[in-house]
Amino acid sequence: MKFIDLHCDTILGCHRGGYGLAENGGHIDVRKLKAGHALAQFFAIFISPGPDGGLNPKSYEFFNDVYEKTYLPEIEKNPELAHAYCYDDIIKNEAEGKISSILTIEDSVPLEGRIERVDEFYKKGVRLMTLTWNYENSLGFPSSMDPELAKKGLKDFGVEAVIRMQELGIIVDVSHLNEGGFWDVVKYAKKPFVASHSCARALCNHQRDLWDDQLRALAKNGGMVGLNFLSAFLTENSNETTIARCMEHIVHIANVAGVDSVGFGSDFDGIGDCKLEFGDYAGMPMLADALGKHFSAAEVDKICYGNALRVIRESMK
Ligand SMILES: [Zn+2]
């Protein structure tokens, strides 16, 4: 049993809370990753909103601050973790008994319309970029229940950035992106992309979730969705996440788009007070056990890590 989780906000908690990755009171620390059989963890540097809400006016400086003061030192301090920049790194780290850490940015606001910054973040080790968060940025527009806002496409710079990310080997992430932007990514993507932390909108009508036609387009492109554990994305107006409800979403996505198109994108340490039946990362094996009631052993492996590994192999270098 092993897992690849496409999204967590743990690094921002460490940065702000002054605690470390070795052991903390959140959903993810090294002890819990080991107990939960982690193969690789995508760690986001989440660019929090500015002091008055809205876009962070110092987003680029904020990224660098978290990167230098928290992310790099935390990976350095914990020998159980090792950086991974491509598929081969994950395999090598696993052979050495280490859990791979993959750096991501949520969201791409620090690009500030400068294409050379895609290359700069790549050189710093970023291997997945979430195009937007909940505000308009230089790339495009966030998901919205307002049909006019939902249909706006990517900006010219957004298209340019998607193309450059894929050329370099950064995985493009459409979670938080609006529908118009999503369909532009489908149009311009030459490699598989992901919705790193979203759920099925047919089961829960939340703007952060994906309609069935979006799930099918993502799958057709070779990409995948990482299931988000936030209760509000799984069940309308709920603050409790049950294993049964996670299974319903995964089974739905597999039925609509195929078993190759779904995995996990927990959003651990970014989902507030919602109550999780499986507790934290150490409870991930409970989800694998439950998957075994709906899928074959080979399919369970795909959902837990194999699909993510395939996308990494095809889109990350
Ligand atoms: Zn998010």
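Everything that follows concerns the structure shown earlier in this document.
Nothing here was measured: the structure is a model prediction, and the numbers come from that model. (Residues numbered from 1 in each chain as written. Predicted model: local features only at pLDDT ≥ 70, side-chain atom pairs only at ≥ 80, totals over all residues. Heavy atoms only, no water.)

1. Describing the environment of Thr130
This is how it is decided: The helix and strand labels rest on DSSP assignments: H or I over at least four residues marks a helix, E over at least two residues marks a strand, and numbering proceeds from the N terminus. What makes two residues a contact is simply this: any of their non-hydrogen atoms within 4.5 Å.
Following the sequence through the fold, Thr130 ends up in strand β5 (residues 126-130). Residues Thr130 and Asp146 lie 16 residues apart in sequence; the distance between their C-alpha atoms is 21 Å. When sequence neighbours within four positions are dropped, the list of residues in contact with Thr130 reads Ile105, Glu106, Asp107, Ser108, Asp173, Ser175 and His176.

2. Some points on the coordination of the zinc ion
We apply this condition: Sodium, potassium and calcium take a 3.2 Å donor cutoff, other metals 2.8 Å, and in both cases only N, O and S atoms count; water is not among them, so sites may look incomplete. Partly exposed describes any residue whose relative accessible area lies between the buried limit of under 20% and the exposed limit of over 50%, with all areas from a 1.4 Å probe on protein chains only and scaled to the type maximum.
Donor atoms from the polypeptide that bind the zinc ion are Glu106 (OE), His176 (NE2) and His197 (NE2), placed at 2.0 to 2.1 Å. Sequence spacing of the donor residues for the zinc ion, all on one chain, is E-x69-H-x20-H. Remark: His197 occurs in strand β7 (residues 194-198) and Glu106 occurs in strand β4 (residues 99-106); sequence separation between them is 91 residues. For the pair shown, Glu106 and His197 are each scored as buried.

3. What to know about the side chain of Asn137
You can see Asn137 is positioned in the loop between β5 and α6 (147-150). For Asn137, a relative accessible area of 4% corresponds to the buried category. Not counting residues up to four positions away in its chain, the partners in contact with Asn137 are Leu55, Asp107, Ser108, Val109, Leu131, Thr132 and Lys155.

4. Notes on the pairing of β7
Here is the rule we go by: Each pair of strands is called paired provided DSSP finds at least two bridges between the two strands. With its strands directed away from the observer, a crossover is right-handed exactly when the path from the first strand over the helix to the second travels clockwise.
A large share of β7 lies buried, amounting to five of its five residues. With three bridges connecting them, β7 and strand β8 (residues 224-227) associate as parallel partners. From the neighbouring strand, Val194 faces β8, where its bridge partner is Met224. Handedness of the crossover joining β7 and β8 through helix α9 (residues 212-220): right-handed.

5. Side note on the nonpolar core
The condition is simple: Put simply, a nonpolar core is a bunch of buried Ala, Val, Leu, Ile, Met, Phe, Trp, Tyr and Cys residues held in one set by side-chain atoms that sit within 4.5 Å of each other.
Core analysis: the largest hydrophobic core is formed by 108 residues, its most contacted members being Ile4, Met165, Val185, Phe229 and Phe264. Residue contacts for Ile4: discarding those within four places in its chain leaves Leu39, Ala40, Phe42, Phe264, Cys304, Tyr305, Ala308, Leu309 and Ile312.

6. Here we look at unusual backbone geometry
If a residue is not glycine, its phi is most likely negative; likewise, a peptide bond is most likely trans. The step from Glu106 to Asp107 runs through a cis peptide bond, and the omega angle for that step is 5 degrees. With respect to the helices and strands, the residue Asp107 is situated in the loop between β4 and α5 (116-123). A positive phi angle, near 65 degrees, is found at His37, a position not held by glycine. For His37, a relative accessible area of 39% corresponds to the partly exposed category. One non-glycine residue with positive phi stands out, namely Asp269, at about 65 degrees. Since its relative accessible area comes to 24%, Asp269 is described here as partly exposed.

7. Let's talk about the pattern of salt bridges
Short version of the rule: Take a side-chain nitrogen of Lys or Arg and a carboxyl oxygen of Asp or Glu: if they are within 4 Å of each other, that pair is a salt bridge.
What the rule picks out here adds up to 17 salt bridges. For Asp29, the salt bridge is made with Arg31, and the minimal N-O distance between the two is 3.6 Å. Given a relative accessible area of 0%, Asp29 falls into the buried group. We note a salt bridge from Lys151 to Glu148, for which the minimum N-O separation is 3.3 Å. Via salt bridges that share partners, Glu23, Asp29, Arg31 and Lys32 belong to a single interconnected network.

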